[in-house]
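# Summary of the model geometry
Single-letter residue listing:
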Amino acid sequence: MKIWKRLSGCLLAGTMLLALAACGQSGADSSTGAQSSGQVQQEPAEATPPVNASEDTAAPEDSGGESTAESGSVLVVYYSASGHTETVANYIAQATGGDLFEITPAEPYTSADLNWSDENSRVSREYADESLRDVELTTTQVENWDSYDTVFIGYPIWWGIAAWPVDGFVAANDFTGKTVIPFCTSSSSGLGESGELLAELAGTGDWQEGERFRSSASQEDVNQWVDSLGLSA
């Protein structure tokens, strides 16, 4: 009997110890699970992008608008038959910070049209018959025309005068209150009376003495002339 009581006591004590150990392990697992759950909940919050990230794309548009407004006081208008006048016009625009406007005939001149040595070419016929010089242009209207204080007008020299596609633009616009500076390109001819004739055609504006550039004029040549005018970019 005594032996059985002792065995029963030992079995009871062992059962209690196993029960306590199981409870302790269960508590530890629950604590670890809680910590893991907390870490997972934090990850989405850290990965969320800033709510105002789209504001970065607005700045370039605003600055671009300001730049256009600041360069509005000088306009460089030009007609270029072979590209020489266009090159000089671009140099002037770079030196002054001005805008460009190209005079474009509705019916562009081809290389054959510009062959002055052929009496049947377009320019030769227009030279012989002044009534043919009324060249239709794609447009004579310049956006924000009233905002320009200084207007350069460039052209090649044809038979000692400004290439006549320029006439239509000059006649169609009011130059009142504007300083107008003509320039031309030619292989040999000078500016002649081309500037004065355009001023008479315009009837308005303060027309200045112009400048003739050779067909292969360099940017340095153009910059020196612009500097002499007292204009700045």
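Here is a short report on the structure shown in this document. All of these numbers come straight from a predicted model, not from anything done at the bench.

### Topic: the pattern of salt bridges
Within this structure, the stated rule accounts for three salt bridges. Between aspartate 113 and arginine 122 there is a salt bridge; the shortest N-O distance is 3.9 Å. Exposure class is identical for aspartate 113 and arginine 122. Each is buried. The salt bridge partner of glutamate 126 is arginine 122, with a shortest N-O separation of 3.1 Å. Separated by four residues within a single helix, glutamate 126 and arginine 122 lie in helix H4 (residues 122-128), roughly one turn from each other. Like arginine 122, glutamate 126 is buried.

### What about the side chain of serine 186?
Take serine 186: it is sitting in strand E5 (residues 179-186). For serine 186, a relative accessible area of 6% gives the class buried. Once residues within four sequence positions are removed from consideration, serine 186 is found in contact with Ile157, Arg212, Phe213, Arg214 and Ser215.

### With respect to helix H5 (residues 165-172)
Along H5, the positions that sit buried rather than exposed are Pro165, Val166, Phe169 and Val170. One side of H5 holds all its buried residues, which, seen down the axis, span an arc of 130°.

### What about the nonpolar core?
Formed by 31 residues in total, the largest nonpolar core has its most connected members in Ile153, Tyr155, Phe169 and Phe175. Of all the secondary structure elements, the ones that give two or more residues to this core are strand E1 (74-78), strand E3 (150-158), H5, E5 and helix H6 (194-202). For this core, the element with the highest residue contribution is E3, accounting for five residues. Aside from chain neighbours lying at most four places away, what touches phenylalanine 175 is Trp145, Val151, Ile153, Phe169, Val170, Val180, Ala202, Thr204 and Gly205.

### Concerning the pairing of E3
Across the nine residues of E3, nine count as buried, placing the element largely inside the fold. Pairing of E1 with E3, which is carried by five bridges, proceeds in the parallel orientation. Note on E3: the bridge partner recorded for leucine 75 is valine 151. Bridge count for E3 against E5 is seven bridges, and the pairing is parallel. Paired with valine 151 across the bridge in E5 is valine 180. Connecting the antiparallel pair E3 and strand E4 (residues 161-162) is a turn made up of two residues, with tryptophan 159 showing a positive phi of about 50°.

### Some thoughts on a negative patch on the surface
Residues Glu193, Glu196, Glu200 and Glu209 make up a contiguous surface patch of negative charge. Mapping glutamate 196 onto the fold places it in helix H6. Judged by its relative accessible area of 47%, glutamate 196 is partly exposed.

So, how was this worked out
- Residues numbered from 1 in each chain as written.
- Predicted model: local features only at pLDDT ≥ 70, side-chain atom pairs only at ≥ 80, totals over all residues.
- Heavy atoms only, no water.
- Salt bridge = Lys/Arg side-chain N within 4 Å of Asp/Glu carboxyl O.
- Buried < 20%, exposed > 50% of the residue type's maximum accessible area, 1.4 Å probe, protein only.
- Helix = DSSP H or I, 4+ residues; strand = E, 2+ residues; numbered from the N terminus.
- Contact = heavy atoms within 4.5 Å.
- Arc of directions from axis to C-beta.
- Core = buried A, V, L, I, M, F, W, Y, C linked by side-chain atoms within 4.5 Å.
- Pairing = 2+ DSSP bridges.
- Patch = residues over 30% accessible without salt bridge, like charges linked within 9 Å, V, L, I, M, F, W, Y side chains within 5 Å.
- Areas by Shrake-Rupley, 256 points an atom, 1.4 Å probe, with all protein chains shown as cover.
- Lys, Arg positive; Asp, Glu negative; His and termini not counted.
- Charge placed at Lys NZ, Arg CZ, Asp CG, Glu CD.

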